[in-house]
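Structure at a glance
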Amino acid sequence: QVQLVESGGGLVQPGGSLRLSCAASGNIFNINDMGWYRQAPGKQRELVAIITSGGHTNYADSVKGRFTMSRGNAKNTVDLQMGSLKPEDTAVYYCKASITTLQPRIWYDYWGQGTQVTVSS
């Protein structure tokens, strides 16, 4: 079994910053890539940022220059540093990891439970 746990959400004023973290644990052989997605009320879930196993990152146009995704100091963790936050960044943020499990040796996408980010004055 694999678990993804996000942390770091909350309420922040426009222009402020937040740092989200995601930790993967459990029956893991290899993590192929990890990503952050978000879903605002009444909207579809969208990709925010992704980091490959090789460390390459890609970002949604809406967050380029404001958000930075990186691997955390602990194994199997990633962070999302969010800056210059706008009200339209308000959403539930989800971590996703493409993981090959140890036993059985299969690949599957796993999702965290989500963490709320609210940008409001």
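Cut-offs applied
- Each chain has its residues counted from 1, following the order in which its sequence is written.
- Local features in this predicted model are restricted to residues whose pLDDT is 70 or higher, and side-chain atom pairs enter the listing and the counts only when it is 80 or higher, whereas totals over whole chains, interfaces and linings include all residues.
- Hydrogen atoms and water are omitted, and side-chain values are computed over all heavy atoms in the structure.
- Whenever a pair of cysteine sulfur atoms sits within 2.5 Å, that pair is classed as a disulfide.
- Numbering of helices and strands runs from the N terminus, with a helix taken as a DSSP run of H or I at least four residues long and a strand as a DSSP run of E at least two residues long.
- Under the scheme applied here, a residue whose accessible area is under 20% of the maximum for its type counts as buried, over 50% as exposed, and between as partly exposed, the area being computed with a 1.4 Å probe on protein chains only.
- A pair of strands is treated as paired once DSSP finds two or more bridges between them.
- Two rings from Phe, Tyr or Trp (for Trp, the six-membered ring) form a pair when their centres sit within 6.5 Å of each other. Planes less than 30 degrees apart are called stacked, planes more than 60 degrees apart edge-to-face, and all others tilted.
- Charges are assigned to positions over rings by a cutoff of 6 Å between ring centre and Lys NZ or Arg CZ, combined with an angular limit of 35 degrees from the ring normal.

Moving on to the state of the cysteines. Scanning the entire structure with this criterion turns up 1 disulfide. Note that Cys22 is cross-linked by a disulfide to Cys95, the S-S spacing being 2.1 Å. Taking the torsion about the S-S bond as the criterion, the Cys22 to Cys95 disulfide, at about -80°, is left-handed. Taken together, the residues Cys22 in strand 3 (residues 18–26) and Cys95 in strand 9 (residues 91–101) connect sequence positions 73 residues apart.

Another point: the pairing of strand 9. In terms of residue burial, strand 9 counts as a mostly covered element, since 10 of its 11 residues are buried. Bridging between strand 4 (residues 28–39) and strand 9 involves 10 bridges; their strand directions are antiparallel. Across the sheet, Ile31 pairs through a bridge with Ile99, a residue of strand 9. Judged from the 3 bridges that link them, strand 9 and strand 11 (residues 115–119) form a sheet pairing that is antiparallel. Bridged to Tyr93 within strand 11 is Thr115. Alignment of strand 9 against strand 10 (residues 107–111), held across 5 bridges, turns out to be antiparallel. Along strand 10, the bridge assignment pairs Ala97 with Tyr110. In this antiparallel pair of consecutive strands, strand 9 and strand 10, the connection spans 5 residues.

For the structure on display, the rule yields 3 aromatic pairs. When the centroid spacing of 5.3 Å and the interplanar angle of 70° are considered together, the rings of Tyr108 and Tyr110 count as edge-to-face. By way of ring pairs, the aromatic residues Tyr37, Tyr94 and Trp111 are connected into one cluster. Residue placement shows Arg45 over the ring face of Tyr94; its charged tip is 3.7 Å from the ring centre.

With that out of the way, let us pick up the environment of Asn73. As for its placement among the helices and strands, Asn73 is situated in the loop between strand 7 (67–71) and strand 8 (77–82). Classification of Asn73 as exposed rests on a relative accessible area of 87%.

Such coordinate-based values are descriptive only and should not be taken to indicate function.
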